[in-house]
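A look at the structure
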Amino acid sequence: MARFIRKLKKYSGRLRPFTILPFHSYGCDDTVVICGRVIENLESGSPRKDDPWWRNLRNMTRVFLRARAEKAHLTATVNGQSVSITTDDIGYFWEIVTLREKLEKPGWVDVHFVLEPVKGYSEIMNQSGAILSMPSSAPLSPGIISDIDDTILETYATDLLLSARMTFINNSTTRIAIAGMAELYKTIVRTTPLLSPVFYITSSSWSLYGLMNDFLELQDFPKGPLLMQKIGMANNKLIRRGHGHKTQKIETVLKIAKDLPFFLFGDNGQADRQIYFEIASRYPERIAAVCIRVAREKSKPFTADYKSLGIPYFEFEDGFSLREKLFEKGLLTRP
């Protein structure tokens, strides 16, 4: 289908140039994750609150149906080192790279991308991205690993039809944030002058990267890498891992970030409770606290013995009430 759409656009003269879409990523010492996608460039302008539903539907349909460049070649340069990368069958690239020189300063580090010519197509060859540097030689504060759907963004993820309506009929300016969550995360980040890395994880498709990233910026959430899921067709098979990809991605963050502890934020609507308890059981010394939003009053019962692990556990309805609970337990310092 993707190849057919690409050829149809090409021969009708409607195919926009291919471009590199870098995803915010991360690294520690001599290990970095470089990821993104080579895909048809869409320049539709910034979304507005007064955009009609049909325009949002049209723009989101274009996001999912745009052509992707399989087996495209590009070069990424980070920390003075260049790496050759090839995209997969649906245009994605995800590489764990070992650097010759370690990352020395905490914070955001630029990554420069150059796309090699895609035979028969025009392309935007140069793009810039960024990775979050977390060197073990620098003192860091506990970080955040946060689910998105129904934890910081109202998505009704357990209701397929309502969730699809929210995705396709709305845009990043009209999506609803969970009250107080941006303020809570900013409080955690600003508690000390040290870097507190923030990661956002969701089972949504990487195709929604732009929408999710715009939402986080518009709602003033701390900047951080997005950890999403690859969904698409390759070799006539649907690529999707349900929620299992979350466990894999969280473990990768913990391994690369070495000894840094994290707060885990999720909700009771999907699999966060099971995933977080599994992670906490494997890495109890790395988890500062587990916080689960009660997004559904009726959910499948799940019992987790965090007390035996020595890990604080909280349930909450919004960020304001949770912030008070963290203050009371001494996990946050009042400004």
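Computed from a prediction, not measured in an experiment: that's the story for all the values here.

Along the backbone of the protein chain there are nine helices and 17 strands. The proportion of buried residues among the 335 residues of the protein chain is 51%. Long-range pairs, those at least 24 residues apart, make up 71% of the contacts in the protein chain between residues at least 6 apart in sequence. Here the protein chain has roughly 16,400 Å² of accessible surface; of this, 52% comes from carbon and sulfur atoms.

Moving on to unusual backbone geometry. Unusually for a residue other than glycine, D29 sits at a positive phi of about 55°. Looking at the secondary structure, you find D29 in the loop between β2 (25-28) and β3 (31-40). Despite not being glycine, N79 has its phi angle at roughly 55°, a positive value. Position of N79 relative to the elements: it lies in the loop between β4 (73-78) and β5 (81-86). Owing to a relative accessible area of 34%, N79 belongs among the partly exposed residues under this scheme.

The parallel open sheet is built from six strands, whose spatial order is β12-β11-β10-β15-β16-β17. Strands with a single pairing partner mark the edges of an open sheet, and in this sheet they are β12 (226-229) and β17 (313-316). Ignoring which end each strand starts from, the neighbouring axes of this sheet average 15° apart. Sheet topology places strand β10 (residues 143-147) next to strand β11 (residues 198-205); four bridges connect them, and they run parallel. Bridge pairing in β11 places I145 opposite F199. Set on the sheet, helix α7 (residues 272-282) makes contact with β10, β15 (262-267) and β16 (287-293); between it and β15 the angle comes to about 160°.

All told, the structure shown has 10 salt bridges when counted by the stated rule. Note that K71 is salt-bridged to D89, the shortest N-O span being 3.6 Å. Residue K71 is located in the loop between α2 (53-65) and β4, and its partner D89 is located in the loop between β5 and β6 (92-98); the two are separated by 18 residues in the primary sequence. Overall, K71 belongs to the partly exposed group, its relative accessible area being 49%. When the shortest N-O distance is used, the salt bridge between R334 and E324 registers 3.1 Å. Placement of R334 in the segment after α9 (319-328) and of E324 in helix α9 is noted, with a sequence separation of 10 residues between them. Judged by relative accessible area, which is 33%, E324 ranks as partly exposed.

With that settled, consider the environment of P17. Among the structural elements, P17 can be located in the loop between α1 (2-11) and β1 (18-22). For the pair P17 and E123, spaced 106 residues apart in sequence, the C-alpha to C-alpha distance is 4.5 Å. Setting aside anything within four residues of it in sequence, one finds P17 in contact with I39, E40, N41, S122, E123 and I124.

So, on to helix α5 (residues 209-218). Burial in α5 covers these residues: Y209, L211, M212, N213, F215 and L216. D220, located one to two residues past α5, shows a positive phi value of around 65°.

Attention shifts here to the side chain of D147. Along the polypeptide, D147 turns up in strand β10. Exposure remark for D147: the relative accessible area of 0% places this residue in the buried category. A polar side-chain atom of D147 sits 2.8 Å from a polar atom in the side chain of T151.

Criteria and cut-off values
- Residues numbered from 1 in each chain as written.
- Predicted model: local features only at pLDDT ≥ 70, side-chain atom pairs only at ≥ 80, totals over all residues.
- Heavy atoms only, no water.
- Helix = DSSP H or I, 4+ residues; strand = E, 2+ residues; numbered from the N terminus.
- Buried < 20%, exposed > 50% of the residue type's maximum accessible area, 1.4 Å probe, protein only.
- Contact = heavy atoms within 4.5 Å.
- Areas by Shrake-Rupley, 256 points an atom, 1.4 Å probe, with all protein chains shown as cover.
- Pairing = 2+ DSSP bridges.
- Axes fitted to C-alpha atoms, helices over the stretch in contact; angles between N-to-C directions.
- Salt bridge = Lys/Arg side-chain N within 4 Å of Asp/Glu carboxyl O.
- Polar contact = N/O pair within 3.5 Å; in protein donor to acceptor, adjacent residues only side chain to side chain.

Taken by themselves, the reported measurements are silent on function.
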